[in-house]
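# Coordinate inspection notes
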Amino acid sequence: MIRKSLQRGCVVAVSLSLLNLGTPVVATAGIIDTQTAIEASRRDADLATIRAGLDRAEVRQQFTALGVDPGLVDTRLAALTDVEIAQLADRMDELPAGGDLLAVIGVVFIVLLVLELVGVIDIFKKT
Amino acid sequence: MLSATTQPVVELVDTPFFPQRDFQCGPAALATVLVASGVNVTADELVGRVYLPGRKGSLQAELQAASRSFDRLPYPLPPNLPALLSEIAAQHPVLVLQNLGFESMPMWHYAVVVGFDAGSDRLILRSGTEQRAQMSARKFMASWERAGHWAIVVLEPQSLPASAERSRYLEAAAGLEAAHRYDAAARAYGAALQRWPDDTTALLGIGNVNYARGDLGNAESVYRTVLDIDPGHVIARNNLAQTLLDQGNPHAALAEITAARAALSDARLAPLLAHTEDAIRQALRSQERPPP
């Protein structure tokens, strides 16, 4: 009997903690955080905190679609501020994603080589 | 271009090097600055934290976010070369975004500037698979400018960047608070107060960190300090009201939120204050209700 209720308690606790994983923010009721205070001091800015819930859902969806390990999506979301989340939700496709130079091949390579020789750009490493 | 620096040659030779693999200059560059700041991590361990497979790259925001996860403060530098050089001179390697292509066909790349030589007008970088890449200041500036002059240092939160500007620094500190890294945020706010005593934003931050840790007594007293300095600080008053409510004093809380709403001139904050007031009025109603 005791064992069964213990088990049940465990199940509830685990379920709750799993639920909690999905919603890492909004722990602090009516407190306005410092970032919002800084945003509010700029006249032109919308307050990211107002739309944070929807934006996080949007970024979560995009992260998943872009191949982020499902086990790490929440960790990555939790480390982003509301302001950053708003920015990603609006234009993740356009923001720079620093990667590598290997993506460039073929004709593009030759064009770049010419530009390099002319000195317009600098992508080929010299020692 | 580098001739204006106070020191002719600086190179942070102890900065580690993580040669990048595939498209992963983000994890490599981030590991470089994290390890330099005393974190024990490798580039491979950061791939899952900052790499976006669908974009074959890493976003600037995520490099900053991952730094916070290690209790480090990512500080975006003022967008100019003197600020960058001042950090190198202060022994802080600088993570930069470069556009090695051009405007219409960008090739985004992260690297870490670890030194400069004013004599030969070159910068020294940990970049891609090169441990000691040298780049002329002119070419570096062109690639950096095409990437919006974006650069960060990643520091222990109690140490101020050499190029610290008040509002930039406080925003970075607030990022730690937003990411729930409260101890690190408290250290960053503390450093800000040493440099800029009585800064109400840093004080508000300390109050918020106290509140988040459940230290309501200290939260209350810090919010009151903010209000002593600036009685019209409606955000501190809202937060004081919430704290008083949590301390079981809804009547005092109501007085504060009423004062805050009366003083409010920024409509964007109205829904947040209304939310606090709702919670207070609800508490008052349930107090009035006779026990079942």
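On a predicted model such as this, the values are computed, not experimentally measured, just so you know.

Another point: the overall build of chain B. Within chain B one finds twelve helices and eight strands. Dimensions of chain B, computed from C-alpha atoms along their principal axes, come out at roughly 80 × 40 × 35 Å. Within the span of chain B, comprising 292 residues, buried residues form 57% of the whole. A separation of at least 24 residues holds for 58% of the contacts in chain B among residues at least 6 apart in sequence. Averaging the positions of the 25 positive and the 30 negative side-chain charges in chain B gives two centres separated by 4 Å.

Summing up its helical and strand segments, chain A has six helices and one strand in all. Walking chain A from its N terminus toward its C terminus, one meets helices and strands in the order α-α-α-α-α-β-α. Counting only residues that meet the buried cut, chain A has 38% of its 127 residues in that class. Here the analysis covers contacts within chain A between residues at least 6 apart in sequence; of these, 49% occur between residues at least 24 apart.

This next bit is on a nonpolar patch on the surface. Where nonpolar side chains cluster on the molecular surface, the patch consists of Val114, Val118 and Val120 of chain A and spans about 270 Å² of accessible area. Of note, Val120 of chain A is situated in the segment after helix H6 (106-118).

Counting residues at the interface gives 69 residues for chain B and 60 residues for chain A. Both sides together, the interface formed by chain B and chain A hides about 5,000 Å², and carbon and sulfur atoms give 62% of it. Where chain B meets chain A, there are three salt bridges. Applying the counting criterion to the chain B and chain A interface returns 23 residue pairs in polar contact (both at pLDDT 80 or more).

Residues and elements named next belong to chain B. In this fold, Ser163 is placed in the loop between strand E8 (151-155) and helix H6 (166-178). It is 18 Å that separates the C-alpha atoms of Ser163 and Gly175, two residues lying twelve residues apart in sequence. Excluding anything up to four places from it in sequence, Ser163 contacts Tyr75, Leu77, Pro78, Ala83, Ser86 and Glu87.

Here the focus is helix H4 (residues 81-89) of chain B. Regarding H4 of chain B, the residues found buried are Leu81, Ala83, Leu84, Leu85, Glu87 and Ile88 of chain B. The N-terminus of H4 of chain B is capped by Asn80 of chain B, whose side-chain oxygen sits 2.9 Å from the backbone nitrogen of Ala83 of chain B.

Before going further, it helps to spend a moment on the packing of helix H10 (residues 234-246) of chain B against helix H12 (residues 270-288) of chain B. The angle between the axes and the distance between the axes are what describe a pair of packed helices. Residues and elements named next belong to chain B. Direction vectors running N to C along H10 and H12 enclose 20°, while the axes themselves pass 10 Å from each other. By the angle between their directions, the pair H10 and H12 is classed as roughly parallel. The interaxial crossing formed by H10 with H12 has left-handed handedness. On the side of H10, the interface is formed by Asn238, Ala241, Gln242 and Leu245, while H12 contributes Leu272, Leu273, Thr276, Ala279, Ile280 and Ala283.

Turning our eyes to something else, we now look at unusual backbone geometry. Among all residues except glycine, the phi angle is most often negative; among peptide bonds, the trans geometry is most common. All names here are of chain B. Its identity is not glycine, yet Lys56 carries a phi of approximately 50°, on the positive side. Looking at the secondary structure, you find Lys56 in the loop between helix H2 (43-50) and strand E2 (58-59). Here His180, not a glycine, exhibits a phi torsion of approximately 65°, which is positive. Among the secondary structure elements, His180 is positioned in the loop between H6 and helix H7 (182-195).

On to the pattern of salt bridges. A full pass over the atoms with the stated rule returns 19 salt bridges over all chains. Across the pair Arg42 of chain A and Glu171 of chain B runs a salt bridge whose closest N-O atoms are separated by 2.7 Å. Here Arg42 of chain A is found in the loop between helix H2 (34-40) and helix H3 (52-65), whereas its partner Glu171 of chain B is found in helix H6 on a different chain. For Arg42 of chain A, a relative accessible area of 33% corresponds to the partly exposed category. Across the pair Arg56 of chain A and Asp82 of chain A runs a salt bridge whose closest N-O atoms are separated by 3.1 Å.

Per-residue pLDDT for chain B has a mean of 95; in total, 98% of the residues score no lower than 70. As a predicted assembly, this complex carries a pTM of 0.86 together with an ipTM value of 0.92.

Let us look at the side chain of Ser143 of chain B. Residues and elements named next belong to chain B. Looking at the element boundaries, Ser143 is found in helix H5 (residues 137-145). Polar contacts involving the side chain of Ser143 include one to the side chain of Gln98, which spans 3.0 Å. Every residue in contact with Ser143, bar those within four places of it in the chain, is listed here: Gln98, Asn99, Leu100 and Met135.

Attention now goes to the packing of aromatic side chains. How two aromatic rings sit relative to each other is set out by the distance from centre to centre and by the angle between their planes. Per the stated rule, a full pass over the model turns up four aromatic pairs over all chains. Between Tyr110 of chain B and Trp150 of chain B, the aromatic rings sit 6.1 Å apart at their centres with planes inclined by 65°, giving edge-to-face as the arrangement. Of the two residues, Tyr110 of chain B sits in strand E5 (residues 108-117) while Trp150 of chain B sits in the loop between H5 and E8, which places them 40 residues apart along the sequence. Owing to a relative accessible area of 1%, Tyr110 of chain B belongs among the buried residues under this scheme. Residue Trp150 of chain B is classed as buried on the basis of its relative accessible area, which comes to 12%. These aromatic residues form a ring-pair network of at least three members: Tyr75, Tyr169 and Trp196 of chain B. Above the face of the Phe63 of chain A ring, Arg76 of chain A is positioned so that its terminal group lies 5.4 Å from the ring centre. For the cation-ring pair, Arg195 of chain B lies above Trp196 of chain B, with the distance from its terminal atom to the ring centre recorded as 5.6 Å.

Quick notes on the rules
Residues numbered from 1 in each chain as written. Chains lettered and ligands numbered in written order. Predicted model: local features only at pLDDT ≥ 70, side-chain atom pairs only at ≥ 80, totals over all residues. Heavy atoms only, no water. Helix = DSSP H or I, 4+ residues; strand = E, 2+ residues; numbered from the N terminus. Buried < 20%, exposed > 50% of the residue type's maximum accessible area, 1.4 Å probe, protein only. Contact = heavy atoms within 4.5 Å. Lys, Arg positive; Asp, Glu negative; His and termini not counted. Charge placed at Lys NZ, Arg CZ, Asp CG, Glu CD. Patch = residues over 30% accessible without salt bridge, like charges linked within 9 Å, V, L, I, M, F, W, Y side chains within 5 Å. Areas by Shrake-Rupley, 256 points an atom, 1.4 Å probe, with all protein chains shown as cover. Salt bridge = Lys/Arg side-chain N within 4 Å of Asp/Glu carboxyl O. Buried area = accessible area lost by both parts, 1.4 Å probe. Polar contact = N/O pair within 3.5 Å; in protein donor to acceptor, adjacent residues only side chain to side chain. Axes fitted to C-alpha atoms, helices over the stretch in contact; angles between N-to-C directions. Parallel < 35°, antiparallel > 145°, perpendicular 65-115°, else oblique. Left-handed = near helix turned anticlockwise from the far one by under 90°. pLDDT = per-residue confidence, 0-100. Phe/Tyr/Trp six-rings, centres within 6.5 Å; stacked < 30°, edge-to-face > 60°. Lys NZ or Arg CZ within 6 Å of the ring centre and 35° of its normal.

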